[in-house]
Amino acid sequence: MTCRIEIKGLSKGEHRFESKIDGSFFEAYENDTIADADLDVVAVVNKGEGRIGLELRIDGDVTVRCDRCLADLVLPVAIECPFSVQFSSYVEEDDEQIGEDVIVMDRNQGDLDISQLIYDYVNLHLPLKKVHPEGKCDPDMMEKMKDILK
Ligand SMILES: [Zn+2]
């Protein structure tokens, strides 16, 4: 899986990059929350005159542990976020693209690693309370929990 986009070498116009992410991606970050993942990542780079737009879409699901019964809980993920990419020497104080996150790249850096972005945004979008809907918890696990708590 490649999460590197060779921004500098791209020609003007729209470029689409697709990638698949599984549990090993989060394992590499030593993430304890996400046990497994099946995500499609689409990054669309729009290189215009003096401006580079990056739209990141992450769709699929992640498997976490239910806070109540500790069994697997599959959560859907649907994230869409636009970014504006700027090279450090071109960063201006008054940015007209308000509401967008700006990624500042070093001028000497040609490629952008979007792994960290993907990681951060997926984690950011996880609900605070990770539990199965009422009555949908694993009954066996609930029994075991009761024994442990005795
Ligand atoms: Zn549960």
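Residues numbered from 1 in each chain as written. Predicted model: local features only at pLDDT ≥ 70, side-chain atom pairs only at ≥ 80, totals over all residues. Heavy atoms only, no water.

On to the packing of aromatic side chains. This model, assessed by the stated rule, comprises 5 aromatic pairs. Between F25 and F26, the aromatic rings sit 5.1 Å apart at their centres with planes inclined by 80 degrees, giving edge-to-face as the arrangement. For the residue pair F25 and F26, the accessibility class agrees, reading buried in each case. When the centroid spacing of 5.5 Å and the interplanar angle of 55 degrees are considered together, the rings of F25 and Y29 count as tilted. Here a set of aromatic residues connected by ring pairs shows up, and it is made of F25, F26, Y29 and Y119. (Phe/Tyr/Trp six-rings, centres within 6.5 Å; stacked < 30°, edge-to-face > 60°. Buried < 20%, exposed > 50% of the residue type's maximum accessible area, 1.4 Å probe, protein only.)

So, on to the nonpolar core. The biggest cluster of nonpolar side chains holds 41 residues, and the ones touching the most others in it are L54, L56, I58, V62, I114 and I118. When contributions to this core are tallied by element, the ones reaching two or more residues are α1 (23–27), β3 (36–47), β4 (52–65), β5 (72–87), β6 (101–105) and α2 (115–124). Residues contacting I114, with those up to four places away along its chain left out, are C3, I5, A43, L54 and L56. (Core = buried A, V, L, I, M, F, W, Y, C linked by side-chain atoms within 4.5 Å. Helix = DSSP H or I, 4+ residues; strand = E, 2+ residues; numbered from the N terminus. Contact = heavy atoms within 4.5 Å.)

Moving on to unusual backbone geometry. You will see that E30, though not glycine, has its phi angle at about 55 degrees, which is positive. Tracing the chain through its elements places E30 in the loop between α1 and β3. Here E30 falls in the exposed class, since its relative accessible area comes to 69%. Of note, L70 is a non-glycine position whose phi angle comes to about 70 degrees, a positive value.

Our focus in this paragraph is the environment of G110. Among the secondary structure elements, G110 is positioned in the loop between β6 and β7 (112–113). Judged by its relative accessible area of 16%, G110 falls in the buried class. With sequence-adjacent residues up to four places away left out, G110 is seen in contact with I5, E6, I7, K8 and M105.

Surrounding the zinc ion are the protein donor atoms C66 (SG), C69 (SG), H132 (ND1) and C137 (SG), at 2.0 to 2.3 Å. Taken together, the 4 donor atoms coordinating the zinc ion span angles of 103 to 117 degrees at the metal, a pattern that classifies the geometry as tetrahedral. Sequence spacing of the donors to the zinc ion: C-x2-C-x62-H-x4-C. With a gap of 66 residues between them, C66 in the loop between β4 and β5 and H132 in the loop between α2 and α3 (139–149) connect regions that are remote in the sequence. For C66, a relative accessible area of 1% puts it in the buried group. Here H132 falls in the buried class, since its relative accessible area comes to 11%. (Donors = N, O, S within 2.8 Å, 3.2 Å for Na, K, Ca; no water. Tetrahedral: all angles 85-135°; square planar, octahedral: opposite > 155°, others 65-115°.)

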